[in-house]
Amino acid sequence: MTERNSKLTELENLLRRVPPAKRPALLKSIADLFMENAERYRPAQINLFDRLFSLLITEVDKESAAALARRLAPLANAPFLTVNRLALDDDIRVAEPVLLRSPCIEDSVLMEIARARGQTHLLAIACRSRLAEPIVDLLVARGDDVVMRYVANNREARLSPQSAALLVERVRSDGSLAILVSQRDDVPAHLLADLRVHAQPTSVC
């Protein structure tokens, strides 16, 4: 074991001995320290914070974890493992900030969430600034009417031919979705020709 790993292990053991009632405050203090110089940290330093955060977020209440998620979400160099673990949380309060905004979440993690989580998680993913076709395919296959509208309104969500066809099929029972789908430029013309608008536009993300 290297000297560095030995010190990390020692630090992690110390954290485990912190009383549960004090762990939320400790998490906040470490987050404060990270945020103060986040842009200046080198990868090795970020990895250290990653290990500390990953350890503590499993030991604190959901509101404390959600507060960390809100702070890390916009950072391009946020601790990788921590952000992906927050995204996978069953509690939407924890997962939503990073699902909406974090550029650090892997597509494979987004796909895992889209396969297994509920509609609130799918909705958060549907509002991301960029979405690859395989992720959109899962959202369209599993999403409810609200998720469908947000997908259709997201111009950075790349539609596969299969997803475009499913959206058009859903239009038959959702006039608001019809308007959003008709305004996209990536729906095949033969599918657009079949659209019938039944309702006025609704406001979505």
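The coordinates are above.
Please read all numbers here as calculations on a predicted model, not as lab measurements.

Peer 1: Sorry if this is basic, but what is going on with the overall build of the protein here?
Peer 2: When helices and strands are counted, the protein shows 13 helices and zero strands. Helices and strands in the protein line up, N terminus first, as α-α-α-α-α-α-α-α-α-α-α-α-α. Residue burial in the protein is summarised as follows: out of 205 residues, 45% are buried. Of the contacts made within the protein by residues no fewer than 6 positions apart, 62% connect residues no fewer than 24 positions apart. On the protein, roughly 11000 Å² of surface is accessible, and the fraction owed to carbon and sulfur atoms is 52%.

Peer 1: When you look at the packing of aromatic side chains in this model, what are you seeing that I'm missing?
Peer 2: Ring pairs (aromatic) are described by centroid distance and by the angle formed between their planes. Following the criterion strictly, the structure yields five aromatic pairs and no others. Look at F34 and F49: their rings are 5.0 Å apart centre to centre, the planes differ by 65°, and that puts the pair in the edge-to-face class. Remark: F49 occurs in helix 3 (residues 43-56) and F34 occurs in helix 2 (residues 23-36); sequence separation between them is 15 residues. Taken individually, F34 and F49 each receive the classification buried, so the pair is uniform in this respect.

Peer 1: I keep staring at the nonpolar core and nothing clicks. Help me out?
Peer 2: What tends to happen in soluble globular proteins is that the nonpolar side chains get buried as a cluster. By size, the foremost hydrophobic cluster in this structure holds 64 residues, and its most contacted members are F34, L99, I125 and L139. Per-element tally for this core: the top contributor is helix 3, with six residues.

Peer 1: Looking at this structure, how should I read the environment of M111?
Peer 2: Mapped onto the elements, M111 comes out in helix 7 (residues 107-116). Sequence-distant contacts of M111, defined by excluding residues within four places in its chain, comprise P134, I135 and L138.

Peer 1: Explain the packing of helix 9 (residues 133-142) against helix 11 (residues 161-171) here, please?
Peer 2: Axis angle and axis distance: for two packed helices, these are the angle between their axes and the distance between the axes, and together they describe the pair. Relative to each other, helix 9 and helix 11 sit at 25°, their axes nearing to 9 Å. On the basis of the axis angle, helix 9 is roughly parallel to helix 11. In the crossing of helix 9 with helix 11, the sense of the turn from one axis to the other is left-handed. Here helix 9 contributes V136, D137 and V140 to the contact with helix 11, which in turn contributes S163, L166, L167 and R170. Looking at the contact of helix 9 with helix 11 residue by residue, the classes come out as four nonpolar, one polar and two charged.

Peer 1: What's the story with the packing of helix 4 (residues 62-72) against helix 6 (residues 92-101) in this structure? I'm lost.
Peer 2: Running from amino to carboxyl end, helix 4 crosses helix 6 at an angle of 5°, the nearest separation of the two axes being 8 Å. Put simply, helix 4 runs roughly parallel to helix 6. Within the contact between the two elements, helix 4 uses K62, E63, A65, A66, A69 and R70 and helix 6 uses R93, V94, P97 and V98. Class assignment for the residues of the contact of helix 4 with helix 6 results in six nonpolar, no polar and four charged.

Peer 1: Just checking my understanding: could you explain the layout of surface pockets for this structure?
Peer 2: Rolled over the atoms, a probe with the dimensions of a water molecule shows which regions are left empty. Computed from the structure, the largest pocket encloses a volume of approximately 200 Å³. Lining the largest pocket we find L100, R101, S102, P103, I105, D107, L110, R128, S129, R130, L131 and A132. Of all elements in the fold, only helix 6 and helix 7 reach the threshold of two or more residues within the lining of the largest pocket. Taken together, the residues of the lining of the largest pocket break down into six nonpolar, two polar and four charged.

Thresholds applied
- Residues numbered from 1 in each chain as written.
- Predicted model: local features only at pLDDT ≥ 70, side-chain atom pairs only at ≥ 80, totals over all residues.
- Heavy atoms only, no water.
- Helix = DSSP H or I, 4+ residues; strand = E, 2+ residues; numbered from the N terminus.
- Buried < 20%, exposed > 50% of the residue type's maximum accessible area, 1.4 Å probe, protein only.
- Contact = heavy atoms within 4.5 Å.
- Areas by Shrake-Rupley, 256 points an atom, 1.4 Å probe, with all protein chains shown as cover.
- Phe/Tyr/Trp six-rings, centres within 6.5 Å; stacked < 30°, edge-to-face > 60°.
- Core = buried A, V, L, I, M, F, W, Y, C linked by side-chain atoms within 4.5 Å.
- Axes fitted to C-alpha atoms, helices over the stretch in contact; angles between N-to-C directions.
- Parallel < 35°, antiparallel > 145°, perpendicular 65-115°, else oblique.
- Left-handed = near helix turned anticlockwise from the far one by under 90°.
- Nonpolar A, V, L, I, M, F, W, Y, C, P; charged D, E, K, R; others polar.
- 1 Å grid on protein atoms, 1.4 Å probe; cavity = no way out; pocket = protein on both sides within 12 Å on 5 of 7 lines; lining within 4 Å.
- Points joined across faces, edges and corners; volume = space filled by probe spheres on them.

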